[in-house]
Amino acid sequence: MAVASNKSAAQPAAVRRADAEQAAEAPDFNQEQELRAYRNMLLIRRFEEKAGQLYGMGLIGGFCHLYIGQEAVVVGMQMAIKEGDAVITGYRDHGHMLACGMDPKGVMAELTGRRGGYSKGKGGSMHMFSVEKGFYGGHGIVGAQVPLGTGLSFANRYRGNDNVSLTYLGDGAANQGQVYESFNMAKLWKLPVIYIIENNQYGMGTSVARASATTNLSQRGRSFDIPGEQVDGMDIRAVKAAGDKAVKWCRDGNGPIILEMLTYRYRGHSMSDPAKYRPKEEVDKVRTEHDPIEQVRSRLLKKGFATEDSLKKIDAQVRAVVNEAAEFATNDAEPDAAELWTDVYAE
Amino acid sequence: MPIEVLMPALSPTMEKGNLAKWHKKEGDAVKSGDVIAEIETDKATMEVEAVDEGTLGKILVPEGTNDVAVNTPIAMILAEGEDAATLKDGGAPARPQKAAESAPPARAEQPAPAVNRAPAPPIAPVAAAPEPQRQPEPEVPEGTEMVTMTVREALRDAMAEEMRRDDTVFVIGEEVAEYQGAYKVTQGLLQEFGARRVIDTPITEHGFTGLGIGAAFAGLKPIVEFMTFNFAMQAMDQLINSAAKTRYMSGGQMGVSVVFRGPNGPAARVAAQHSQDFSAWYSHIPGLKVVAPYSAADAKGLLKSAIRDPNPVIFLENEILYGQSFPVPKLDDYVVPLGKARIARAGTDVTIVAWSMSMTYALKAADELAKDGINAEVIDLRTLKPMDTASIIESVKKTGRVVTVEEGWRQSGVGAEIAASVTEHAFDWLDAPVTRVSGKDVPMPYAANLEKLALPSVAEVVAAAKAVCYR
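Cut-offs applied
All residue numbers here refer to positions counted from 1 along the written sequence of the relevant chain. A letter from A marks each chain and a number from 1 marks each ligand, given out in the order of writing. Thresholds applied to this predicted model are a pLDDT of at least 70 for local features of residues and 80 or more for the giving and counting of side-chain atom pairs; totals over whole chains, interfaces and linings are not thresholded and use all residues. What counts as a helix is a DSSP run of H or I of at least four residues, what counts as a strand is a run of E of at least two, and both are numbered from the N terminus. Each residue is classified by how many other C-beta atoms fall within 10 Å of its C-beta atom, where C-beta atoms are placed from the backbone; a count of 20 or more means buried, 12 or fewer means exposed, and values in between mean partly exposed. Here the contact rule is simple: place C-beta atoms from the backbone, and any two residues whose C-beta atoms are within 7 Å are in contact. We take the radius of gyration over the C-alpha atoms and set the globule estimate at 2.2 Å times the residue count to the 0.38 power. By our criterion, buried Ala, Val, Leu, Ile, Met, Phe, Trp, Tyr and Cys residues that link up through C-beta atoms within 7 Å make up a nonpolar core. Three classes are used: nonpolar for Ala, Val, Leu, Ile, Met, Phe, Trp, Tyr, Cys and Pro, charged for Asp, Glu, Lys and Arg, and polar for all others, with Gly counted as polar. DSSP bridges decide pairing: two strands pair if at least two such bridges lie between them. To get an axis, fit a line to the C-alpha atoms, keeping to the stretch in contact for a helix; angles then go from 0 to 180 degrees between the N-to-C directions. When an angle is under 35 degrees it counts as roughly parallel; over 145 it counts as roughly antiparallel; between 65 and 115 it counts as roughly perpendicular; any other value is oblique. What makes a crossing left-handed is the near helix being turned counterclockwise from the far one by less than a right angle; a clockwise turn instead makes it right-handed. Either an automatic procedure or a domain database provided the assignment from which the domain bounds are taken. Directions from the helix axis toward the C-beta atoms define the arc. As a per-residue quantity, pLDDT reports the predictor's confidence and falls between 0 and 100. Multiplying 1.5 Å by the helix residue count minus one yields the expected span of that helix. When the strands point away from the viewer, a crossover counts as right-handed if the route from the first strand across the helix to the second turns clockwise.

Chemist: Explain the overall build of chain B here, please?
Modeler: Within chain B, the secondary structure is distributed over 15 helices and 22 strands. Of all 471 residues assigned to chain B, the portion counted as buried reaches 54%. Taking the intrachain contacts of chain B between residues at least 6 apart in sequence as the baseline, contacts between residues at least 24 apart amount to 75%.

Dropping the structure here:
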């Protein structure tokens, strides 16, 4: 499952994977797993496409960072955890919320700033939470979620349970100082936290090679003796296998671990990004050769786990869920003016 | 002439210490740089080195002596040719050894950094309540026994009591456990509650602040100690973006019940980066509560409230007040509600609004003013956010005059906020412009004379009060 761990991470994931030719190592999924992976990744893809559409229509404002291309990371990791485990991430967070089982209607309505949104319309794209689903945000400041996620794992250890914290960060955040402050404390206190670096190759418009003195981000914990590995983040089987291993490592009391997910975002950094910093061919190559959803789709068909017709049915179901969410988010009322003053303090 | 070795100060605010150990005995030769003794305070231990050469002629303060005032002679060093016998005969420049035990610290002998701002704390218990106006809390039942304790002890007791009643409360910060607190505020907590709940961190403010907030996301109630609030600037993003805003951004779904506490405000002779008041900074932020107690009773009662509060609370303590003693009600569960000011001294002619360390200027000024027939009302704000503007307004309606006192900078300070509020809500009652006494708008200088000038003073408060009274 570990892919190209000694190769430069400066090139797009697709190129590296082609060199490594290790994709076959990923343990196979059974039918139920493949179908679950397909459906959940597709939900994120379609949801994000719809969000992009609503943004274009002016229904979603501000910043909107789409997760398209990276779906295998969060869906695969979610398949490796259990009830009570915590998830926290940065601002590219819609996929994480859906993967945690949050209601697409509530997420989309938050994007449109409506009262039925998860934060009553007061948080927006980057600030949504669901304690019930174990999702702790949704954080808009690059890297800030890393000490917070470390704190979630601290709470698990304090309470003496065996839950873990999945703390996601991007390749850009991997250069923030507070990440290393967190690494140090996590290792010092053997906190059950999995740092998942979603390396989608670009921190906004700056490639990893132009921003990072060392580009193998999985090794960023070496100074703290935190193990790490690079994972093919476009292959959900590889993600789940790495996730299983990392979760066991944490639950067994070994402290933190780093998974660098080599992935790729198809869209710009945010909706307003023309993506001039990378050639279109680079994006096309990943989309056609390494798309995480297409990989599952072709396996489903090849193994006879699904037919074109049955997949079409899933596609239709997913579209219906997303359309329903969009409709709700479009028609739901804006928050009451009185909401301006609520939730600043708890009584 | 024999040379006196004086009790040294380990810090600018140290007034007394313990003579833990003598490394040399009478008759030993000493040369410059030799360690001759060990002294300790509630904060630190340090070795005393000889500066002069000669023979340790006489030990004036035996080892094991506690509470030796700074600058008390602790030994005599004889230069070559001098005879110890002259000392034993009492021929030396005799200084009564016992002076160290009960006399107030000889402040005048020190390079006193700011005499007016470090009031000699009452040493004897009887002197603990110098202002007769300092009333116990109205919520304290009649006849409640009062015990004298320092602000430091009151804070420690508040944490210990809350930790006993709620297992989710824990203390985390630099030097809070093994070292017992950089300022000894967490003294004894490790021993009672163990390493699970009293946690030393690396020097990593940004990191452990975020970690504490994350733990609060998960329902724990951390008390995060900043060694001083100067270092909290490293963590400002977490304090504001993660702690203050999460409840709102989550539509009320998720809260952050956490206390950030530690010394704030100018200390003595530590210069610009370690000497500043952040009251106004935090007061600016919706979602934070900001508390700044003056007395030990308030320190205890307010800290207990802050720990129970479901919101993030910035609890601003003051290094210079830590060692001062006050009467504290002896009750099983003494809690002071957040957001309520206290009339520390009732008066009719002018309202002086202060909090934390600035209360010391305000109360002294009120004494001075009384001599001139001006009866000042002193309001101890106690909580800066939410601010008890109502109590200020009520007082203004009686006095018609307001002077605010703060150690922080003037522009956009807490005093400016009070002035604006009074103007908005009590303009018709004002007989004079609201006047601010504040720290000067400069980085804190190191030099003793300049530092004194940069800080507010009792004289400035007196002058301001007289000015608004047209006297």
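Chemist: It is not clear to me how the overall build of chain A should be interpreted in this structure. Could you clarify?
Modeler: Assigned secondary structure in chain A consists of 12 helices and 7 strands. Taking 2.2 N^0.38 as the reference for a compact globule, 347 residues should give roughly 20 Å; the C-alpha atoms of chain A span a radius of gyration of 19 Å, in line with that estimate. Each principal axis of the C-alpha atoms in chain A carries an extent, and together these give about 55 × 50 × 40 Å. Across the 347 residues in chain A, those meeting the buried criterion constitute 56%. Counted over contacts in chain A with a minimum sequence separation of 6, partners at least 24 positions apart contribute 77%.

Chemist: Even after reading the chapter, I still don't get the nonpolar core, so can you show me in this structure?
Modeler: Note that soluble globular proteins tend to have their nonpolar side chains buried in a common cluster. If you look at the biggest cluster of nonpolar residues, it comprises 203 residues, and the most contacted ones within it are A:Ile194, B:Ile352, B:Ala362, B:Val461 and B:Ala465. Looking at this core element by element, the count peaks at 9 residues for helix H2 (residues 31-56) of chain A. Discounting chain neighbours no more than four positions away, the residues touching B:Val461 are B:Ile352, B:Tyr361, B:Ala362, B:Ala365, B:Val403, B:Val405, B:Val437 and B:Pro456. In this structure, B:Met14, B:Val48, B:Val61 and B:Leu78 belong to the second largest nonpolar core, which totals 22 residues.

Chemist: What's the story with the interface of chain B and chain A in this structure? I'm lost.
Modeler: One frequently used descriptor of interface size is the decrease in accessible area upon assembly of the parts. Counting residues at the interface gives 34 residues for chain B, matched by 32 residues for chain A. Of all the secondary structure elements, the ones that give two or more residues to the side of chain B that touches chain A are helix H5 (205-217), helix H6 (236-244) and helix H7 (246-249) of chain B. When residues of the side of chain B that touches chain A are assigned to their parent elements, the largest contribution, 10 residues, is made by H5(B). Looking at the side of chain B that touches chain A, its residues break down into 13 nonpolar, 18 polar and 3 charged.

Chemist: Looking at this structure, how should I read the sheet that holds strand E1 (residues 3-6) of chain B?
Modeler: Taken together, 4 strands build an open sheet; the order of strands is E1-E8-E6-E3 (chain B) and the sheet is antiparallel. Every interior strand has two partners, whereas the edge strands, E1 and strand E3 (29-30) of chain B, have only one.

Chemist: How should the packing of helix H5 (residues 104-111) of chain A against helix H12 (residues 308-331) of chain A be read in this particular structure?
Modeler: For any two helices packed against each other, the geometry is given by the interaxial angle and the distance between the axes. Residue and element names in this part refer to chain A. Running from amino to carboxyl end, H5 crosses H12 at an angle of 40 degrees, the nearest separation of the two axes being 8 Å. When the interaxial angle is binned, H5 and H12 end up oblique. In this structure, the crossing between H5 and H12 has a hand that is right-handed. Taken together, the residues of H12 that come into contact with H5 (itself represented by Pro 104, Lys 105, Met 108, Ala 109 and Leu 111) are Val 321, Val 322, Glu 324, Ala 325, Ala 326, Phe 328 and Ala 329. Residues that form the contact of H5 with H12 fall into these classes: 10 nonpolar, no polar and 2 charged.

Chemist: Sorry, what's going on with the sheet that holds strand E2 (residues 16-22) of chain B here?
Modeler: Backbone hydrogen bonds hold the strands of a sheet together, and the pairing may be parallel or antiparallel. Residues and elements named next belong to chain B. The strand order E5-E4-E2-E7 describes an open sheet built from 4 strands, whose pairing is antiparallel. The sheet is open, and its two borders are formed by strand E5 (45-49) and strand E7 (65-69), each paired with just one other strand. On average, adjacent strands in this sheet sit at an angle of 40 degrees to one another, irrespective of strand direction. In terms of strand pairing, E2 meets E7 through 3 bridges, oriented antiparallel. Following the sheet pairing, Gly 17 is matched in E7 by Val 68.

Chemist: I tried to follow the domain arrangement of chain B on my own but got confused; where do I start?
Modeler: Residue and element names in this part refer to chain B. Taken domain by domain, chain B consists of domain 1 (3-93), domain 2 (146-329) and domain 3 (342-468). The distance between the C-alpha centroids of domain 1 and domain 2 comes to 38 Å. Taken residue by residue, the interface counts 4 residues in domain 1 and 8 residues in domain 2.

Chemist: How should the environment of B:Lys245 be read in this particular structure?
Modeler: Checked against the element boundaries, B:Lys245 lands in the loop between H6 and H7. Residues B:Lys245 and B:Ile285, spaced 40 residues apart in sequence, show a C-alpha to C-alpha distance of 9.0 Å.

Chemist: Is there a simple way to explain helix H15 (residues 458-468) of chain B in this structure?
Modeler: An α-helix turns once every 3.6 residues. As a result, residues three or four positions apart point the same way. Residue and element names in this part refer to chain B. Within H15 the residues assigned to the buried category are Val 458, Val 461, Val 462, Ala 464, Ala 465 and Val 468. On an axial view of H15, the arc spanned by its buried residues comes to 165 degrees, and they lie on one face. On its buried side, H15 packs onto strand E18 (350-354), helix H11 (358-371), strand E19 (376-380), strand E21 (402-409) and strand E22 (435-439). Trailing H15 by a residue or two, Tyr 470 shows a phi angle of about 55 degrees, which is positive.

Chemist: Which parts of the structure should I look at to understand the confidence of the model for chain A?
Modeler: When pLDDT drops low, the exact placement of atoms in the prediction is not to be read closely. Residue and element names in this part refer to chain A. This prediction gives chain A a mean pLDDT of 92; 93% of its residues lie at or above 70. Long-range and interchain partners of residues 1-15, a stretch whose pLDDT sits below 50, account for 56 contacts in this model, where long-range means more than four residues apart. Across residues 17-23 the pLDDT falls below 50, and counting only partners more than four positions away or on other chains, this stretch makes 13 contacts in the model.

Chemist: In this structure, what is going on with helix H9 (residues 236-251) of chain A? I would like to understand it.
Modeler: All names here are of chain A. In this model, H9 (16 residues) spans 22 Å end to end at C-alpha, consistent with the 22 Å of a helix rising 1.5 Å per residue. Here H9 has its buried residues at Ile 236, Arg 237, Ala 238, Val 239, Lys 240, Ala 241, Ala 242, Gly 243, Ala 246, Val 247 and Cys 250. Each element contacted by the buried residues of H9 is listed here: H2, helix H3 (71-78), strand E3 (193-199), strand E6 (228-232), strand E7 (257-262) and helix H11 (292-302). Gly 253 occupies a position one or two residues after H9 and carries a positive phi of about 85 degrees.

Chemist: Is there a simple way to think about the pairing of strand E2 (residues 165-170) of chain A in this case?
Modeler: Where a strand is regular, its side chains alternate between the two sheet faces. Residue and element names in this part refer to chain A. Counting buried residues along E2, 6 of its 6 residues qualify, which places the element largely inside the surrounding structure. Note that E2 and E3 share 6 bridges and pair parallel. Among the inter-strand pairings, Tyr 168 is bridged to a residue of E3, identified as Ile 196. After leaving E2, the chain enters helix H7 (residues 177-188) and then returns to the sheet as E3, a path that is right-handed.

Chemist: Would you mind going over unusual backbone geometry with me for this structure?
Modeler: Note: most peptide bonds trans; most residues except glycine with negative phi. All names here are of chain B. For the bond from Lys 385 to Pro 386, the omega torsion is 0 degrees, close enough to zero to count as cis. Inspection of the secondary structure puts Pro 386 in the loop between strand E20 (383-385) and helix H12 (389-399). Even without being a glycine, Glu 175 presents a positive backbone phi close to 65 degrees. Take Glu 175: it is sitting in the loop between strand E10 (169-173) and helix H4 (189-193). Phi at Lys 184 takes a positive value of approximately 65 degrees, unusual for a residue other than glycine. Within the secondary structure layout, Lys 184 lies in the loop between E10 and H4. On the basis of neighbour count, Lys 184 is assigned to the buried category, with 20 C-beta atoms found within 10 Å.

Chemist: Help me out: how do you make sense of the confidence of the model for chain B in this one?
Modeler: Residues and elements named next belong to chain B. Model confidence for chain B is summarised by a mean pLDDT of 88, while 88% of its residues fall at 70 or above. In this model residues 89-136 is a low-confidence stretch, pLDDT under 50, and it forms 73 contacts with partners more than four residues away in sequence or in other chains. For this predicted complex, the interface confidence comes out at an ipTM of 0.91, alongside a pTM of 0.85.

Chemist: Help me understand the environment of A:Gln295 in this model?
Modeler: As for its position among the elements, A:Gln295 is in helix H11. Separated by 61 residues in sequence, A:Gln295 and A:Met234 have C-alpha atoms that sit 8.5 Å apart.

Chemist: Help me understand the environment of A:Phe135 in this model?
Modeler: All names here are of chain A. Looking at the secondary structure, you find Phe 135 in the loop between H5 and helix H6 (145-159). With 81 residues separating them along the chain, Phe 135 and Asn 216 place their C-alpha atoms 28 Å apart. In this structure Phe 135 touches Val 87, His 96, Met 97, Cys 100, Met 102, Phe 129 and Ser 130, once residues within four positions along its chain are discounted.

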